[in-house]
Amino acid sequence: MAEIVFAPLQMGFSAWRDVARDCLAAGLEPSRVEWGAPQGLFSAFGVPKPEAPAPMPTVPRRFMQVARRVAHHRDDRRASTLYRVLWRLTHGEPRLLESAADPDVVELRTLDAQVRRSAHKTKAFVRFRKVEAEDGEHFVAWIQPDHPVLPLLGEFFAERFSDMRWSILSPDASLHYDGKSWSLGPGRPRSAAPTHDELEALWKTYYRAIFNPARVMVKAMTSEMPKRHWHTLPETSEIPGLLADSARRVDAMLAMPSAPEGPTAHALVSELDDLASLHEALSSCRGCELHEAATAPVPGRGSPHAPIVLVGEQPGDLEDRAGRPFVGPAGRELAQALEAAGLSHDEVYLTNAVKHFSYAPSGKRRLHSKPRATHIRACRPWLLAELERIRPRVVVCLGATAARALLGVEVRVMRDRGTPRACAWAPHALVTVHPAAALRAKDAGRAAELRAALRSDLARARALARGAPEKEVESS
Amino acid sequence: MSVAAPDIRRKLRVLADAAKFDASCASSGSKRSGGKGLGSTQGMGICHSYTPDGRCISLLKVLLTNVCVYDCAYCINRRSSDVERATFEPEELVRLTMDFYRRNYIEGLFLSSGIRKSADDTLLRMIEVARLLRERESFGGYIHLKAVAGASEALAQRAGLYADRVSVNIELPKDTDLQRLAPEKRSSQIEGSMSAIRSAIDESRSSRRRARAKPPRVAPAGQSTQMIIGATPAQDRDVLHTASRLYAHHRLRRVYYSAFSPIPHASLALPTKPAPLVREHRLYQADWLLRFYGFDVDEVTPSSAPALDLDIDPKLAWALAHRERFPVHLDTAPREMLLRVPGLGVRSVQRILSMRRQHKVTLESLRALRVPLRKVSPFIVTSDAHHGASQLLDRQDLRRRLLPATQLPLFGQTHG
């Protein structure tokens, strides 16, 4: 077997080319050339130097273009792959590169693609920071390219930032431009680069604002901007916060009232001027996803001329099946409280803030689940349309959901209950506890307290509806 | 004026937020070598960063103002929307663009705008930003101006003098969609602007070929447009018909499809749910088939199946519906037919063509090209394949066998 020759392995095209030319001139088959040698053995097994420099044999131009890039691959096999292809091109296979499936060609293509990608990402990921020096502004970046590609990019950056003075530093090499021409320097540590720039706050502001929280696709991001590069990209400090916040922002987006002058549903329901046709329109509502699982929307019930409108949370299991509000246990509780407060059936109209039953299935049972802000927001136009048609003197919010739908999120039931306030849909609005609260109370004493609260607040509503003295009314 | 001023930050926050629903961020297709000033554009655009929505940041994409006198239902900036408003001064935008560019954050500027007083007034201010960048700052980076629908044709053409790309949004697939959701816009008007821009581009190109003293280039990266998908009942067939008409009539470089996604302060004229992103993806694939693979709209979305199959890509869907055209022999089939084989892209086809001048195409060589064999093999014959791939071709369950593995566990809906 022929002797193995060790060939010096250096980074860059011309270093490789010079050695490859000598190997070729000496007729060394690729299997006899070992690229990179154990320390100290160069002299012993070096490539024989021809007496006159051998000319580079003619090879396709495409090979030269590819080789100039592949010579900047970090992996040592770049040199042997290049030499194998060079050997075959000059030994009877001049059209080798057209054999796209040949193992050597595939390997060459793979290495080339990796270098090209690294060069492209380096063009993209350089982040200059401005330094004010005595002789003016200097822009400095520090970057860690996957492959030592900076020498390939001098021309690109010089053309692009031709009216600046700049330096791009990396552990492998550095590029410098003085306003006229670029030059290559040695590798530099991160500590040689500035640590901040006043523009970065603004850049991060832009990065946060241009992100669309409604379509999170982290994998698409990290495949193009791998995490190993994040430490030199200032904007990536914003990513964890953006992701943590995205679900909440989408919810908030949907929960925002539709337009400044009122709900846009107003336009949809305004042609229907009576309650009956409103209820009919409601029956086909698909304003939110609750309709998919619920039986049918539950409209309000009661006199269209009622002076008091009572707004609950949402229909329960029984209500959903009956199609009528307040027919379950909480409805019985409410009926007793109304009677105790001296209110008759034709004085009240009963409805809910959310018209579809929101539940979580549990075996054969459907467990009540609190409607979300999006449901309240989606359903609000129906509630407002009811109030607009009835024009009650008093609207009573039973519990937090109703209060939130009509009076905003600041209302606290136990703190604010029983105190009349003005609202846009009735001269008086009252907040009180939901009748179901008494049913869920932890002990009989607490239940009695809540019942008493409900009854006294309803008595208050009755007084207001029948024309209570003006001085009793505090407006907020 | 300091760029770090809190007011600039507020404006940037508001006016970038308002621009984020624009799909395009491309900075490709233009070559502008570095002159005396800052900046260059290559043929290929550069994505400088990516946000967690997977989209690229190539350009500083902002509105000049989000004040708008129009009331388009799908738009967050419509006049009846309760959003925070802001307006950039042209000087502020010029400064911001230059400062970002100098730090290598961006390839250039993508400027769009709400309609402030009138379409012409707005476009004039946008052109002023581009003019300042080019003439005063000698800026050589990329500029994309979104011409305002309804602006005069002369102004739309003038935008092309400073911009690499000019675009006018077609907005929705059909004119009836526009009437419903964008009452102030008409497709005739939008396409009027497109055709004015096209003739300015054409004229500039042909006179630059003839004249010795070269007149200025107009929009060297051509024009593009954007269509919102899923905000109206328009089918994929309608969408693709509109797209192919625009490609043909106005020689657009790109049509961008943007799946409708819920916006704050949504109008009730809109669906409450986002359109599936996979539909957007399938439309891009179909669009590619029209432009690079020799398909036409009636093949991809015949009137009998006007919606694209969301589970499989449109080329595979076509091949399954036209099995009589397969299998094709890789050593002999013409390029046009190779392009129709599911799983073979333009580049693979190119490599097969160059390879088969040297030797026969084998399964082994396809594997070396990293061609997806599972998908390709039912539709091809190679000289070394003995397993009779056409048997697979006749199987009823071929579609199911070729479904992407990740989609198999997806059955039906998650609830309801």
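Residue numbering note: each chain is counted from 1, following its sequence as written. Lettering of chains starts at A and numbering of ligands starts at 1, both following the order in which they are written. Local features in this predicted model are restricted to residues of pLDDT 70 or higher, and side-chain atom pairs are both shown and tallied only at a pLDDT of 80 or more, whereas totals for entire chains, interfaces and linings draw on every residue.

Bringing the interface of chain A and chain B into the picture now. Placing a C-beta atom from the backbone of each residue, one calls two residues in contact when those atoms lie within 7 Å. The interface is formed by 59 residues belonging to chain A together with 55 residues belonging to chain B. A run of H or I in DSSP counts as a helix once it spans at least four residues, and a run of E counts as a strand once it spans at least two, with each numbered from the N terminus. Sorting the residues of the side of chain A that touches chain B by element identifies α5 (103-125), α6 (150-160), α7 (200-210), α8 (218-224), α9 (239-255), α10 (265-269) and α12 (290-293) of chain A as the ones contributing at least two each. At 8 residues, α7(A) tops the list of elements feeding residues into the side of chain A that touches chain B. A breakdown of the residues in the side of chain A that touches chain B according to their chemical character gives 39 nonpolar, 7 polar and 13 charged. Polar here means any residue outside two lists: the nonpolar Ala, Val, Leu, Ile, Met, Phe, Trp, Tyr, Cys and Pro, and the charged Asp, Glu, Lys and Arg; Gly therefore counts as polar.

Let us look at the confidence of the model for chain B. All names here are of chain B. Taken over all residues, the pLDDT of chain B has a mean of 86, while the share at 70 or more is 90%. Summarising per-element confidence for chain B, the mean pLDDT is lowest in helix α15 (residues 389-393) (69) and highest in helix α2 (residues 90-102) (97). Predicted confidence for residues 407-416 stays below pLDDT 50, and this span has 6 contacts to residues more than four positions away or in other chains. In the model output, the complex is listed with pTM 0.72 alongside ipTM 0.88. In predicted models, pLDDT denotes the confidence assigned by the predictor to each residue on a 0 to 100 scale.

Domain segmentation is taken from an automatic or database assignment of domains. Assigned domains of chain A: these are domain 1 (5-120), domain 2 (126-192), domain 3 (202-255) and domain 4 (265-469). Distance between the C-alpha centres of domain 2 of chain A and domain 3 of chain A: 28 Å.

With that out of the way, let us pick up the sheet that holds strand β7 (residues 182-186) of chain A. All names here are of chain A. What makes two strands pair is DSSP finding at least two bridges between them. Here we have 5 strands laid out as an open sheet, ordered β3-β4-β5-β6-β7, and mixed in their pairing. Each end of this open sheet is capped by a strand with a single partner; those strands are β3 (129-133) and β7. Averaged over all pairs of adjacent strands, the angle between their axes in this sheet comes to 25°, without regard to strand direction. Lines fitted to C-alpha atoms define the axes, with helix axes restricted to the stretch in contact, and inter-axis angles between N-to-C directions lie between 0 and 180 degrees.

On to the domain arrangement of chain B, then. Split by domain assignment, chain B resolves into domain 1 (6-224) and domain 2 (320-406). A separation of 43 Å is found between the C-alpha centroids of domain 1 of chain B and domain 2 of chain B.

Right, let's get into the packing of α5(A) against α6(A). Residue and element names in this part refer to chain A. Taken N-terminus to C-terminus, the directions of α5 and α6 make an angle of 45°; their axes are 10 Å apart at the nearest point. Comparing their axes, α6 and α5 come out oblique. Relative to α6, the crossing made by α5 is right-handed. Side by side, α5 and α6 meet where Ala119, Thr122 and Lys123 of the first sit next to Leu152, Leu153 and Phe156 of the second. If an angle is under 35 degrees, it is roughly parallel; if it is over 145, roughly antiparallel; if it lies from 65 to 115, roughly perpendicular; otherwise it is oblique. By convention, the crossing between two helices is left-handed when the near helix turns anticlockwise from the far helix through less than a right angle, and right-handed when the turn is clockwise.

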